[in-house]
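Spelled out from the first residue to the last, the chains are:
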Amino acid sequence: MKIKRTVSDIIFDTFNILFMIILIVATLYPFLHVVFASFSSSSYVMMHRGLILWPRGFNLKAYSFALKHPMLGLSYLNTIYYASMGTILGLFLMSLAAYAFAKRSFPGKKFFLFIIVFTMFFGGGLIPTYLNIKNLGLLNTRLVMFLPTCISTWSIIIMRTGFSQLPESLVESAYLDGANDFQILFKITL
(Lines give C-alpha, C1' and ligand atoms only; values in the text may rest on other atoms or scores of the structure.)
Protein backbone atom coordinates (compact mmCIF):
# COMPACT_ATOMS: atom_id res chain seq x y z
CA MET A 1 0.00 0.00 0.00
CA LYS A 2 1.53 3.30 -1.10
CA ILE A 3 1.13 6.47 0.86
CA LYS A 4 -0.36 9.18 -1.27
CA ARG A 5 1.83 12.26 -1.45
CA THR A 6 0.27 15.68 -1.56
CA VAL A 7 1.52 18.63 -3.59
CA SER A 8 2.90 20.24 -0.43
CA ASP A 9 4.89 17.05 0.32
CA ILE A 10 6.45 17.13 -3.15
CA ILE A 11 7.29 20.85 -2.86
CA PHE A 12 8.79 20.33 0.59
CA ASP A 13 10.89 17.35 -0.58
CA THR A 14 12.06 19.25 -3.66
CA PHE A 15 13.08 22.24 -1.55
CA ASN A 16 14.94 19.99 0.89
CA ILE A 17 16.79 18.19 -1.93
CA LEU A 18 17.82 21.47 -3.58
CA PHE A 19 18.90 22.94 -0.24
CA MET A 20 21.00 19.85 0.55
CA ILE A 21 22.64 19.92 -2.89
CA ILE A 22 23.58 23.59 -2.37
CA LEU A 23 24.89 22.77 1.10
CA ILE A 24 26.96 19.86 -0.23
CA VAL A 25 28.48 22.00 -2.99
CA ALA A 26 29.24 24.85 -0.58
CA THR A 27 30.89 22.44 1.83
CA LEU A 28 32.73 20.29 -0.69
CA TYR A 29 34.00 22.96 -3.08
CA PRO A 30 36.71 24.52 -0.84
CA PHE A 31 38.20 21.09 -0.27
CA LEU A 32 38.11 20.25 -3.99
CA HIS A 33 39.59 23.66 -4.83
CA VAL A 34 42.62 22.97 -2.63
CA VAL A 35 43.07 19.47 -4.07
CA PHE A 36 42.78 20.66 -7.68
CA ALA A 37 45.12 23.60 -7.05
CA SER A 38 47.69 21.25 -5.51
CA PHE A 39 47.75 19.18 -8.70
CA SER A 40 47.82 22.24 -11.00
CA SER A 41 50.87 24.14 -12.18
CA SER A 42 51.82 27.08 -9.97
CA SER A 43 51.64 29.52 -12.90
CA TYR A 44 48.03 28.53 -13.61
CA VAL A 45 47.09 28.92 -9.94
CA MET A 46 48.69 32.37 -9.76
CA MET A 47 46.93 33.55 -12.96
CA HIS A 48 43.49 32.16 -12.08
CA ARG A 49 42.76 33.14 -8.53
CA GLY A 50 39.08 32.29 -8.89
CA LEU A 51 37.40 28.96 -9.36
CA ILE A 52 39.55 25.96 -10.17
CA LEU A 53 37.20 23.19 -11.15
CA TRP A 54 39.79 20.83 -12.61
CA PRO A 55 43.60 20.56 -12.37
CA ARG A 56 45.38 22.43 -15.20
CA GLY A 57 49.00 21.82 -16.08
CA PHE A 58 49.01 18.63 -14.00
CA ASN A 59 52.15 18.19 -11.90
CA LEU A 60 53.21 16.83 -8.54
CA LYS A 61 55.81 19.48 -7.67
CA ALA A 62 53.92 20.65 -4.60
CA TYR A 63 53.82 17.11 -3.20
CA SER A 64 57.48 16.40 -3.98
CA PHE A 65 58.44 19.71 -2.30
CA ALA A 66 56.40 18.85 0.79
CA LEU A 67 57.74 15.30 1.02
CA LYS A 68 61.35 16.51 0.74
CA HIS A 69 60.98 18.87 3.68
CA PRO A 70 63.31 17.72 6.49
CA MET A 71 60.78 18.39 9.27
CA LEU A 72 58.00 16.25 7.78
CA GLY A 73 59.02 13.03 9.51
CA LEU A 74 59.45 14.75 12.88
CA SER A 75 56.08 16.44 12.44
CA TYR A 76 54.36 13.10 11.92
CA LEU A 77 56.17 11.58 14.90
CA ASN A 78 55.04 14.51 17.05
CA THR A 79 51.47 14.08 15.84
CA ILE A 80 51.50 10.38 16.67
CA TYR A 81 53.11 11.04 20.06
CA TYR A 82 50.68 13.79 21.09
CA ALA A 83 47.60 11.91 19.88
CA SER A 84 48.56 8.61 21.50
CA MET A 85 49.78 10.08 24.79
CA GLY A 86 46.79 12.40 25.06
CA THR A 87 44.40 9.53 24.41
CA ILE A 88 46.09 7.07 26.77
CA LEU A 89 46.52 9.56 29.62
CA GLY A 90 43.05 11.01 29.11
CA LEU A 91 41.34 7.62 29.16
CA PHE A 92 43.33 6.59 32.24
CA LEU A 93 42.51 9.73 34.23
CA MET A 94 38.88 9.92 33.12
CA SER A 95 38.29 6.25 33.94
CA LEU A 96 39.71 6.80 37.44
CA ALA A 97 37.36 9.74 37.99
CA ALA A 98 34.36 7.97 36.48
CA TYR A 99 34.98 4.88 38.61
CA ALA A 100 35.08 7.01 41.77
CA PHE A 101 31.86 8.80 40.84
CA ALA A 102 30.14 5.51 40.00
CA LYS A 103 30.74 4.19 43.53
CA ARG A 104 27.79 4.59 45.84
CA SER A 105 29.99 4.91 48.91
CA PHE A 106 32.12 7.79 47.62
CA PRO A 107 32.01 10.52 50.32
CA GLY A 108 31.19 13.98 49.00
CA LYS A 109 30.27 12.58 45.60
CA LYS A 110 27.56 15.15 44.89
CA PHE A 111 29.77 18.09 45.81
CA PHE A 112 32.73 16.96 43.69
CA LEU A 113 30.46 16.05 40.78
CA PHE A 114 28.93 19.53 40.97
CA ILE A 115 32.41 21.09 40.90
CA ILE A 116 33.36 19.05 37.83
CA VAL A 117 30.09 19.73 36.00
CA PHE A 118 30.41 23.44 36.84
CA THR A 119 33.67 23.56 34.86
CA MET A 120 31.83 22.22 31.85
CA PHE A 121 29.63 25.31 31.69
CA PHE A 122 32.09 28.02 32.73
CA GLY A 123 35.65 28.14 31.41
CA GLY A 124 38.38 30.31 32.85
CA GLY A 125 39.36 31.94 29.59
CA LEU A 126 42.63 32.25 27.71
CA ILE A 127 44.66 34.37 30.15
CA PRO A 128 43.87 32.34 33.31
CA THR A 129 44.61 29.15 31.37
CA TYR A 130 47.96 30.55 30.27
CA LEU A 131 48.80 31.67 33.82
CA ASN A 132 47.86 28.25 35.15
CA ILE A 133 50.08 26.52 32.59
CA LYS A 134 52.92 28.95 33.35
CA ASN A 135 52.64 28.46 37.14
CA LEU A 136 52.64 24.68 36.73
CA GLY A 137 55.90 24.92 34.79
CA LEU A 138 54.48 23.47 31.60
CA LEU A 139 55.64 26.22 29.23
CA ASN A 140 57.96 24.94 26.47
CA THR A 141 57.40 21.29 27.39
CA ARG A 142 55.80 18.49 25.46
CA LEU A 143 53.25 17.95 28.23
CA VAL A 144 51.58 21.29 27.51
CA MET A 145 50.21 19.86 24.26
CA PHE A 146 47.98 17.26 25.90
CA LEU A 147 48.02 17.50 29.70
CA PRO A 148 45.77 20.58 30.15
CA THR A 149 43.07 19.16 27.86
CA CYS A 150 43.22 15.44 28.54
CA ILE A 151 40.22 15.42 30.90
CA SER A 152 36.77 15.93 29.47
CA THR A 153 33.89 16.47 31.86
CA TRP A 154 31.40 15.11 29.37
CA SER A 155 33.43 11.92 28.93
CA ILE A 156 33.63 11.44 32.70
CA ILE A 157 29.85 11.69 32.95
CA ILE A 158 29.36 9.21 30.10
CA MET A 159 31.86 6.76 31.59
CA ARG A 160 30.31 7.13 35.07
CA THR A 161 26.91 6.29 33.64
CA GLY A 162 28.33 3.19 31.97
CA PHE A 163 30.25 2.11 35.08
CA SER A 164 27.20 2.52 37.31
CA GLN A 165 25.30 0.02 35.14
CA LEU A 166 27.48 -2.82 36.45
CA PRO A 167 25.76 -4.90 39.13
CA GLU A 168 26.91 -3.99 42.65
CA SER A 169 27.04 -7.69 43.50
CA LEU A 170 29.83 -8.19 40.95
CA VAL A 171 31.96 -5.55 42.66
CA GLU A 172 31.16 -6.95 46.12
CA SER A 173 32.15 -10.46 45.07
CA ALA A 174 35.44 -9.10 43.71
CA TYR A 175 36.09 -7.42 47.09
CA LEU A 176 35.36 -10.73 48.84
CA ASP A 177 37.87 -12.47 46.56
CA GLY A 178 40.54 -9.98 47.66
CA ALA A 179 40.55 -7.53 44.75
CA ASN A 180 41.31 -3.88 45.38
CA ASP A 181 39.76 -0.91 43.56
CA PHE A 182 42.44 -0.78 40.85
CA GLN A 183 41.97 -4.47 40.05
CA ILE A 184 38.20 -4.05 39.96
CA LEU A 185 38.49 -1.01 37.68
CA PHE A 186 40.96 -2.50 35.21
CA LYS A 187 39.96 -6.18 35.25
CA ILE A 188 36.18 -6.00 35.73
CA THR A 189 34.79 -2.54 35.06
CA LEU A 190 36.81 -1.67 31.98
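Now for a look at the structure at hand. Just so you know, these numbers come straight off a predicted model, no measurement behind them.

## Here's the deal with the overall build of the protein
When helices and strands are tallied, the protein shows nine helices and zero strands. The secondary structure elements of the protein, listed N-terminal to C-terminal, are α-α-α-α-α-α-α-α-α. Relative to its length of 190 residues, the protein is extended, with a C-alpha radius of gyration of 27 Å against a globular reference of 16 Å. Viewed in the frame of its principal axes, the protein has a C-alpha envelope of about 75 × 65 × 35 Å. Residues classed as buried in the protein amount to 18% of the 190 residues present. The contacts of the protein with a sequence gap of at least 6 include a subset with a gap of at least 24, amounting to 55%.

## A few points about helix H4 (residues 72–102)
The terminal C-alpha atoms of H4 lie 44 Å apart, and with 31 residues this matches the ideal 45 Å at 1.5 Å per residue to within 8%. Its buried side turned inward, H4 meets helix H5 (109–121), helix H7 (153–163), helix H8 (168–176) and helix H9 (181–189).

## Points about the packing of H8 against H9
Contact pair H8 / H9: the axes reach a minimum separation of 10 Å and the direction vectors enclose 130°. Considering their axes alone, H8 and H9 lie oblique with respect to each other. Between H8 and H9 the crossing geometry is right-handed. Contact residues: H8 offers Leu 170, Val 171, Ala 174 and Tyr 175, while H9 offers Asp 181, Ile 184 and Ile 188. In terms of residue class, the contact of H8 with H9 is made up of six nonpolar, no polar and one charged.

## As for the nonpolar core
Core analysis: the biggest nonpolar cluster contains 15 residues, and Ala 98, Tyr 99, Phe 101, Ile 156, Met 159, Phe 163 and Ile 184 have the highest contact counts within it. Listed by contribution, the elements that provide at least two residues to this core are H4, H7, H8 and H9. For this core, the leading source of residues is H4, giving six residues. When near neighbours in sequence (up to four residues on either side) are disregarded, Ala 98 contacts Ile 156, Met 159, Arg 160 and Phe 163.

Each value, and the rule that gives it
- Residues numbered from 1 in each chain as written.
- Predicted model: local features only at pLDDT ≥ 70, side-chain atom pairs only at ≥ 80, totals over all residues.
- Heavy atoms only, no water.
- Helix = DSSP H or I, 4+ residues; strand = E, 2+ residues; numbered from the N terminus.
- Rg over C-alpha atoms; globule rule 2.2 N^0.38 Å.
- Buried < 20%, exposed > 50% of the residue type's maximum accessible area, 1.4 Å probe, protein only.
- Contact = heavy atoms within 4.5 Å.
- Expected span 1.5 Å × (residues − 1).
- Axes fitted to C-alpha atoms, helices over the stretch in contact; angles between N-to-C directions.
- Parallel < 35°, antiparallel > 145°, perpendicular 65-115°, else oblique.
- Left-handed = near helix turned anticlockwise from the far one by under 90°.
- Nonpolar A, V, L, I, M, F, W, Y, C, P; charged D, E, K, R; others polar.
- Core = buried A, V, L, I, M, F, W, Y, C linked by side-chain atoms within 4.5 Å.

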